[in-house]
Amino acid sequence: MAADPAMPPDGPGVAPGAAPPGTRATPPRRSVLGAALAVGVAGAAGPAGAEAAASPAGGTPPAAPQPAADPWRRILADADPVWRRMPTAWHEGPFLGNALLGSLVYAEPGARAVRFTVQHSEVQDHRPEFGALFGLARLPVGHFTLEPVGTVTGVDWRLSLHDAELTGTLTTDRGTLAVRALVHNSRSVLAVEVRPSAGERGFGWTFHPADAISPRAAFKPAPDGYTGNPPARTEEHGGVRAAVQPLLAGGMHVTAWRERARPDGARTLYAAVAPHRRAGDARGRALRAVRGAAAHSYGALAAAGHRPWWHAYYRHGFLSVPDARLQRFYWIQLYKVAAAARAEAPVMATSGPWLEPTPWPATWWNLNVQLEYWLIHGSNHLELDAVTRALSAYRDRLSDQLDAAYRTDSAGIPRTTDMFLRNGADAANGGYAVGIPGQDPPTPEVGNLTWALHNVWLTYRHTMDERVLREVLYPLLRRAVAYYLHFLEPGGDGKLHLPATFSPEYGVNARDCNYDLMLLRWGCATLLEAVEILGVSDPAADRWRAVSARLAPYPVDENGFMIGAGVPFAKSHRHYSHLLAVYPLYEVTWEQPERRALIETSLRHWVGFEGALQGYTFTGAASLSAQMGRGAQALGYLDELMDRFIRPNTMYQESGPVIETPLSAAQSLHDMVCQSWGGVIRVFPALPDAWRAVCLHDFRTQGAFLLSAAREDGRTRWVRLRSEAGAPCVVRHSLPDGPVEVRDAQGRPVHHDDLGGGTLRLSLPKGGTALITARGDRPEPYVAPVAANAPAPRWGLPD
C-alpha cells in the first residue's frame, strides 16, 4: 500500500531544529520558512554598544558574561517563577517543553507523590470518521510520579527561564530530594535528576499510562460508535521500560524510560515519547532516544544542545518596563512560546504541548491560532512560525475539505483541525467544517483561513521575504477570497452583499457579517498589493478592485459595530470578531478622526457586558486601547486580565487549558511599546505616564527593521533602526519636540525628510542603521533592565 502523504514520517516527531514533520510541499515551498527564519534570527547579534550579543538560535553562543554585567541574565533571573509550597494543579506548577514533548509538575492528586506529566503534541488519534474533536483528537500519554519515602513538608523550587530547567528541593519528614529537570531542546527527552539525602534513598518512580481517549469525552457526548483505544501494555527491554499504546486505527505511540544511578549518588530518570501512525519502529525509536540520553549525565545533557539554544534564543531581543509584575509575565511568555512552538512543530493546539482534561483537544482556527503566534514577530522569533509552514505544507487540505462544488478554485479552513489541518467527518460533537454562506448546517463560519493568512502576511511584512508572499500568502489568499466571491450578491443599493455567515462564537448568523466583510475587504486589498509587488498580471484583479469599491459598508448602530445586518451586538461576548477592521487589521484606525467615535463606542459597548467576558477579551481591549494611544487604559485592561484570569504559573483556563490568552497579552504589551502598521513605525505610542523608563532592543517591525529605543525620565532619549531589507522607512520617533539628528553607525548624517508631528522619512539602505537623537545629544545606546516602580511578588507560589 502506498504511504499516505498526509501521515507523519516514521520518526517520533522531528526534534526542533530539524526538517518539518510530515511536510508534503515541494522543495521551493519548504524553503520559504527557512528563508523567513533566517531573517528572523538575523538580529540575534546586537549592534555596537549592546552587551553580550549571541549567535542565532541553534548556534554556539560566546562565553556568557557574568550575570551582573549581562542584561538578559539579570532580567530573566528576576522573572524566574518560584514555588515555596506544593502546586496542586496544572495551572499552578512549573512547565517544561520543546514544542513536541511537554511536562507539567504538580502534586499527584490523592497520593503522597509529585506528578511529572508526559504529553506530546504529535500524539493524536487517526479516525477521521469521528471528527477532529474525537477521531483526530490529541490523546493523553501519561505521567510519572516521584514517590518520596516520607511525607512532603516543604518545597523550594525555581524555574530558570535562562536555562529552561526546574531546580530546587523537596523536603519530607525523612529527608530531602534535590531535583533538576528539563525537557531537552533537541533530544526531546524528559530528564529528572534527583539527589536524595540518606533518609530518602528509597524514593521511587512509577509511570501511569493515560487512557487513550479524546479528552472531550469527559465534557461532551461521543459520536455513535466511538470508543477509546485499547489499554497500553508495559514491556522490558534490557533495562529500559516501554509503555506501548496501540491505536484502533493502526499504529501506536510508545513511552520509554529508564533510571540511571551515578557514583555521586544522583539518580536520573530519562523518558521519551515516539508517536507513529502506521507500522513502524516507534518502539525502537523511543528506546534509542532514552538509551542515547542516558549515556550522559544530567549536567552533560543540559550543556549540549539545550542550554546554549535557550541562551541564544533570548538574545534576539529585549524589553524592559517599570511594571515588575508585567515585565516578569512577559519574559515567562517568551519562555512559554518557545517551549510550545517551533516552525517545524505542529501548529499549537489550544493547550500547547501540555494536554490536560479539556473539551478542546484540537487546533482552533477562529481566534486561538492567530493570537498564539502574534508575539513572535515583534519579539524577533520567526523561527517559531508554524502557521506559515503548516498552511503551505498542507495546502491541499484547505480545498479538499470544502463542499465539492468549490474545491477547484477556493480554499478555507475548518474551525477545528488536527496537526495535518484535517477536520474529519461531520460527526456529532466531532468538529466544525468550513461552512457555506447562506446555509446552516454546516455553521457558515468561513473567514478563518483569511484571518490565519493575516498571520502569514505579518510574517511577510516583518521579514519582507518575497518568497513568503509569492509561494504561500498570494496563492492561498487568492483561493480564500475566491470562496467569498462565489456568494457575493448585488443589492438594490448598488453594493455587494454577503448572505448569512457566522461571527465566531456569537451564536447568530447574520447577513453582511462584519467578521467576513472586514476579512474580505482586507483580503482584496492585500491581493492587489501582492500582484503589484510581485509583478503578476492576475485576471482576477479587476474583480478584487470591484469588490473593494462596491462591498457593503460595515453594519453599525448607536452602539458601534454590529455583528451583521439586522444583528446588533446585544449580549456579553468574549470574542472581538466584529471588530477586526480596527484590530488587528488596522483598516479602521484612531488616526482617522472621523472613525474615533465609532471605535470608542464599539470598545466601550463590547466590554460593558459582563458575564461572558474571558481573558482574551481583555488582551483585545488592551490592544485596541493601545491603538487609541491610551497607555493607562491598555495597562488597566492587562492588570484586570492578570487579577482575574491569569493563574499562578501564568497559564490560563476556561473549561480547560487555553494557551492563546497569556501569549496574546504579550502582544498587547508590544502594541503599547511599538506599532508599525500602515507603513509607519510608531515608537512608544501608548505608554502610561507612570512608565518613565523603558528599554527596547531589536524589536522587529514591519518593513524588516530592528528597532532599539530608550525612554528616560519620562521622555524618549534615543531611537535606533537597522534595516534588513532596504524597505521604505517612516518612523514616528516620540522624542520631545525640537530639532533632531539622524546619524549612521559611523556617526555620519543620514538623509531624512521631516514629515511633521515627530515623523521622519529616512533613507536607509539594506543593512543601514540610523540613530535618532535630539540635536546635540550624544547618548550611548544600551541594553539594560529599567528600575521597577514598585515591588511585586514573583509568579509561581512564592509564599
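Parameters and conventions
Residues numbered from 1 in each chain as written. Predicted model: local features only at pLDDT ≥ 70, side-chain atom pairs only at ≥ 80, totals over all residues. Heavy atoms only, no water. Pairing = 2+ DSSP bridges. Helix = DSSP H or I, 4+ residues; strand = E, 2+ residues; numbered from the N terminus. Axes fitted to C-alpha atoms, helices over the stretch in contact; angles between N-to-C directions. Contact = heavy atoms within 4.5 Å. 1 Å grid on protein atoms, 1.4 Å probe; cavity = no way out; pocket = protein on both sides within 12 Å on 5 of 7 lines; lining within 4 Å. Points joined across faces, edges and corners; volume = space filled by probe spheres on them. Nonpolar A, V, L, I, M, F, W, Y, C, P; charged D, E, K, R; others polar. Buried < 20%, exposed > 50% of the residue type's maximum accessible area, 1.4 Å probe, protein only. Phe/Tyr/Trp six-rings, centres within 6.5 Å; stacked < 30°, edge-to-face > 60°. Parallel < 35°, antiparallel > 145°, perpendicular 65-115°, else oblique. Left-handed = near helix turned anticlockwise from the far one by under 90°. pLDDT = per-residue confidence, 0-100. Salt bridge = Lys/Arg side-chain N within 4 Å of Asp/Glu carboxyl O. Disulfide = S-S within 2.5 Å. Expected span 1.5 Å × (residues − 1). Polar contact = N/O pair within 3.5 Å; in protein donor to acceptor, adjacent residues only side chain to side chain.

*Asks:* I'd like a rundown of the sheet that holds strand β15 (residues 318-320), residues and numbers included.
*Replies:* Here 6 strands make up an open sheet; going across it, the order is β15-β26-β27-β28-β33-β30 and the pairing antiparallel. Each of the sheet's edge strands pairs with one partner strand only, and the pair in question is β15 and β30 (740-743). Recorded for the sheet is a direction-independent mean angle of 20° between the axes of neighbouring strands. Where strand β27 (residues 705-712) meets strand β28 (residues 715-723), 8 bridges bridge the pair, whose relative direction is antiparallel. Paired with E712 across the strands is R715, a residue of β28. Where helix α2 (residues 71-79) meets the sheet, it contacts β15 and β26 (694-701), and its direction lies at approximately 55° from that of β15.

*Asks:* Residue-level account of the layout of surface pockets, with values.
*Replies:* In this structure, the largest pocket occupies an estimated 820 Å³ of space. For the lining of the largest pocket, the secondary-structure elements that each account for two or more residues are α9 (375-378), α12 (448-463), α14 (514-534), α19 (660-673), β24 (674-675), β26 and β29 (729-732). If one sorts the elements of the lining of the largest pocket by residue count, α14 sits on top with 7 residues. Taken together, the residues of the lining of the largest pocket break down into 24 nonpolar, 13 polar and 7 charged.

*Asks:* Lay out the pairing of strand β33 (residues 769-774) in plain terms, naming residues and giving numbers.
*Replies:* Along β33, 5 of the 6 residues are buried, which leaves the element largely enclosed by surrounding structure. Summarising the sheet, β28 and β33 pair through 5 bridges and their orientation is antiparallel. Residue pairing for β33: R722 is matched across the bridge by T769. With 4 bridges joining them, β30 and β33 adopt antiparallel strand pairing. The residue of β33 that forms the bridge with V740 is A774.

*Asks:* So what's going on with the packing of aromatic side chains? Which residues, and what values?
*Replies:* Each aromatic ring pair is described using two quantities: the centre-to-centre distance and the angle formed by the ring planes. Applying the stated rule across the entire model yields 38 aromatic pairs. A centroid spacing of 5.2 Å and a plane angle of 15° characterise the contact between W309 and Y313, whose relative ring orientation is stacked. Taken together, the positions of W309 and Y313, both in helix α6 (residues 307-314) and 4 residues apart, correspond to about one turn of that helix. Each member of the pair, W309 together with Y313, is buried. Plain terms: the ring middles of Y576 and W606 are 5.6 Å apart, the flat faces sit at 65° to each other, and that makes the pair edge-to-face. Taken together, the residues Y576 in the loop between β23 (560-561) and α16 (596-607) and W606 in helix α16 connect sequence positions 30 residues apart. Taken as a pair, Y576 and W606 share a single burial class, namely buried.

*Asks:* Could you give me a rundown of the sheet that holds strand β1 (residues 82-83), with the residues and numbers involved?
*Replies:* Read across the open sheet, the 10 strands follow the order β11-β12-β13-β14-β9-β8-β7-β6-β1-β34; overall the sheet is mixed. Strands with a single pairing partner mark the edges of an open sheet, and in this sheet they are β11 (233-237) and β34 (796-797). The sheet contact formed by strand β7 (residues 165-172) and strand β8 (residues 175-183) spans 7 bridges and is antiparallel. Among the inter-strand pairings, L166 is bridged to a residue of β8, identified as A181. Across the sheet, helix α4 (residues 282-294) touches β11, β12 (240-246), β13 (252-261) and β14 (267-276), and the angle it forms with β14 is around 155°.

*Asks:* Give me the packing of helix α13 (residues 466-485) against helix α15 (residues 541-550): which residues, what numbers.
*Replies:* As a packed pair, α13 and α15 sit with axes 12 Å apart at the nearest point and diverge in direction by 55°. Taken together, the axes of α13 and α15 lie oblique to each other. Crossing angle aside, the handedness with which α13 passes α15 is left-handed. Contacts from Y474, R478, V481 and L485 in α13 reach R543, W544 and V547 in α15.

*Asks:* Explain the confidence of the model for the protein to me, using residue names and the numbers behind them.
*Replies:* Confidence along the protein averages 91 in pLDDT terms, with 91% of residues attaining 70 or more. In the predicted structure, residues 1-67 sits below a pLDDT of 50 and forms 165 contacts with residues beyond four places in sequence or in another chain.

*Asks:* Could you give an account of the pattern of salt bridges, with specific residues and numbers?
*Replies:* In the structure shown here, the tally under the stated rule is 39 salt bridges. Between E445 and R415 there is a salt bridge, with its nearest N and O atoms 3.1 Å apart. Separated by 30 residues along the polypeptide, E445 in the loop between β17 (416-417) and α12 and R415 in the loop between α11 (397-400) and β17 bring together distant segments of the chain. Both residues of the pair, E445 and R415, belong to the buried class. A salt bridge links R748 to D744, with the nearest nitrogen and oxygen atoms 2.8 Å apart.

*Asks:* Talk me through empty space enclosed by the protein; I want residue IDs and the actual numbers.
*Replies:* What the rule picks out here adds up to 6 cavities of 30 Å³ or more. As a volume, the largest cavity reaches approximately 130 Å³. Contributing to the lining of the largest cavity are 19 residues, with S121, R138, P346, V347 and A349 lying nearest its centre. Along the lines of polarity and charge, the residues of the lining of the largest cavity split into 12 nonpolar, 5 polar and 2 charged.

*Asks:* Let's hear about the state of the cysteines: which residues, and what values?
*Replies:* A full pass over the atoms with the stated rule returns 0 disulfides. Residue C524 stays outside any disulfide, its sulfur separated by 16 Å from that of C513, the closest cysteine.

*Asks:* Go over helix α7 (residues 324-340) with me, naming the residues and quoting the values.
*Replies:* Given 3.6 residues to a turn, an α-helix orients residues that are three or four positions apart in the same direction. The terminal C-alpha atoms of α7 lie 24 Å apart, and with 17 residues this matches the ideal 24 Å at 1.5 Å per residue to within 8%. Of all 17 residues that make up α7, 16 are buried, and the element is covered over most of its length. The backbone nitrogen of R325 has a side-chain oxygen 3.3 Å away, supplied by the residue at the start of α7, namely D323.

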